[in-house]
Amino acid sequence: MKNVTVTDHPLIQHKLSIMRDKDTGSKDFRELLTEIAMLMGYEVTKDLNLKDIEIETPMRKMKAKTLSGKKIAIVPILRAGIGMVDGLVSLIPAAKVGHVGLYRDPETLKPVEYYCKLPADIEEREILLVDPMLATGGSATAAIELLKEKGAKNIKLVNLVAAPEGIEEVHKYFPDIEIFVAAIDEKLNEHGYIVPGLGDAGDRLFGTK
Ligand code: PRP
Ligand code: URA
């Protein structure tokens, strides 16, 4: 699939299997999501630009690599996206964090926007839009639209589990958006849930059901 990267490192697959298990509680679910987000961050950031700087080690001067180019913003889609922020921020401590609040109407399955707060210089930043679940793709597509309205030019979508339908929906409107996922599951069920999936990510993360 074009512009889709499956980050299926063994550690990620192992941790994801524990998250999927219905008997895994919120504490472990939260910790595992943080760890996977960090591991996925390694792949997601692999094309960041570097420049040479001169530094001095205790032995001598040398030319060394340092990050250059665009600064990063991490933007979780509330609520469940919050669970992926800490892992990525620990890799990229200089990143700013914006928030987009969307929930999926249980009847229509359409996303409803209720919050948006982004870094003031969002148009200059490379954006990592994060949400564990990409189901119908409605929430991600609405979030990308919103970010583009605010001037965002460079967006990568980072999900834990995606349905093929969700990937197709995002790429129908935004074919150039790069999507990073840990797993592509079989399909959506009649309620718009990913199967086999892991259930409702927000509820499992925050213990609300
Ligand atoms: C979940 C999930 C995504 C969305 C995916 O959020 O975190 O944002 O559903 O579904 P979609 O691809 O069909 O739009 P939900 O709406 O349950 O809100 P929550 O995070 O507040 O629980
Ligand atoms: N949102 C979730 O949290 N899980 C799904 O399977 C689909 C949407």
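Here's a quick rundown of the structure. As the structure is a prediction and not an experimental result, all values here were calculated from the model.

Calculation rules
- Residues numbered from 1 in each chain as written.
- Chains lettered and ligands numbered in written order.
- Predicted model: local features only at pLDDT ≥ 70, side-chain atom pairs only at ≥ 80, totals over all residues.
- Heavy atoms only, no water.
- Buried < 20%, exposed > 50% of the residue type's maximum accessible area, 1.4 Å probe, protein only.
- Helix = DSSP H or I, 4+ residues; strand = E, 2+ residues; numbered from the N terminus.
- Pairing = 2+ DSSP bridges.
- Near = heavy atom within 4 Å.
- Polar contact = N/O pair within 3.5 Å; in protein donor to acceptor, adjacent residues only side chain to side chain.
- Areas by Shrake-Rupley, 256 points an atom, 1.4 Å probe, with all protein chains shown as cover.
- Nonpolar A, V, L, I, M, F, W, Y, C, P; charged D, E, K, R; others polar.
- Patch = residues over 30% accessible without salt bridge, like charges linked within 9 Å, V, L, I, M, F, W, Y side chains within 5 Å.
- Salt bridge = Lys/Arg side-chain N within 4 Å of Asp/Glu carboxyl O.

## Some points on the pairing of strand β8 (residues 126-130)
Next, step 1: Among the five residues in β8, five count as buried, and that is most of the element.
Next, step 2: The two faces of β8 match: E126, L128 and V130 on one face and I127 and L129 on the other face are all buried.
Next, step 3: Taken together, the five bridges between strand β4 (residues 72-78) and β8 define a ladder with parallel strand orientation. The residue bridging I72 from the neighbouring strand is E126, located in β8.
Next, step 4: Here five bridges tie β8 to strand β10 (residues 154-162), and the two strands are oriented parallel to one another. Bridge pairing in β10 links L129 to L157.

## Considering the site of ligand 2
Next, step 1: Residues in contact with ligand 2, as listed here, are R104, M133, A135, G192, Y193, I194, G199, D200 and A201.
Next, step 2: Between I194 and ligand 2, the recorded distance is 2.8 Å, taken from a backbone N or O atom to an oxygen atom.
Next, step 3: Measuring from a nitrogen atom of ligand 2, one finds a backbone N or O atom of G199 at 2.8 Å.
Next, step 4: Protein burial of ligand 2: of its 240 Å² of free accessible surface, 88% is covered by the chains.
Next, step 5: Looking at side-chain class alone, the shell around ligand 2 contains five nonpolar, two polar and two charged residues.

## Examining the site of ligand 1
Next, step 1: Around ligand 1, 15 residues are found, and the nearest of them are R104, D131, T136, G137 and S139.
Next, step 2: Contact between ligand 1 and R79: an oxygen atom at 2.9 Å from a side-chain N or O atom of the residue.
Next, step 3: Starting from 500 Å² of accessible surface for ligand 1 in isolation, the protein chains cover 91%.
Next, step 4: When contributions to the shell around ligand 1 are tallied by element, the ones reaching two or more residues are β6 (99-104), β9 (133-134) and α4 (138-149).
Next, step 5: For the shell around ligand 1, a count of residues per class yields six nonpolar, five polar and four charged.

## Things to note about a nonpolar patch on the surface
Next, step 1: Where nonpolar side chains cluster on the molecular surface, the patch consists of I53, I55 and M62 and spans about 200 Å² of accessible area.
Next, step 2: Tracing the chain through its elements places M62 in strand β3 (residues 61-67).
Next, step 3: By relative accessible area, M62 is classed as partly exposed at 33%.

## Regarding unusual backbone geometry
Next, step 1: Looking along the chain, the bond that leaves L78 and enters R79 is cis, with omega of -5°.
Next, step 2: The residue N3 is not glycine, and still its phi comes out positive at about 60°.
Next, step 3: In this fold, N3 is placed in the segment before β1 (4-6).
Next, step 4: When its relative accessible area of 23% is taken as the criterion, N3 is described as partly exposed.
Next, step 5: Its identity is not glycine, yet L109 carries a phi of approximately 65°, on the positive side.
Next, step 6: Tracing the backbone through its elements, the reader meets L109 in the loop between β6 and β7 (111-117).
Next, step 7: Owing to a relative accessible area of 23%, L109 belongs among the partly exposed residues under this scheme.

## Some details on the pattern of salt bridges
Next, step 1: One pass over the full model with this rule turns up 12 salt bridges.
Next, step 2: The partner of E31 in a salt bridge is K27, with the nearest N and O atoms 3.1 Å apart. In this pair, E31 and K27 are both assigned in helix α2 (residues 26-44), four residues apart and thus about one turn of the helix distant.
Next, step 3: The exposure class of E31 is partly exposed, given its relative accessible area of 38%.
Next, step 4: Measuring nitrogen to oxygen at the nearest pair gives 3.1 Å for the salt bridge that ties K156 to E126. Pair noted here: K156 is in strand β10 and E126 is in strand β8, with a separation of 30 residues, a long-range link. E126 carries the same exposure label as K156, and that label is buried.
Next, step 5: A network of salt bridges, in which partner residues are shared, links D47, E126 and K156.

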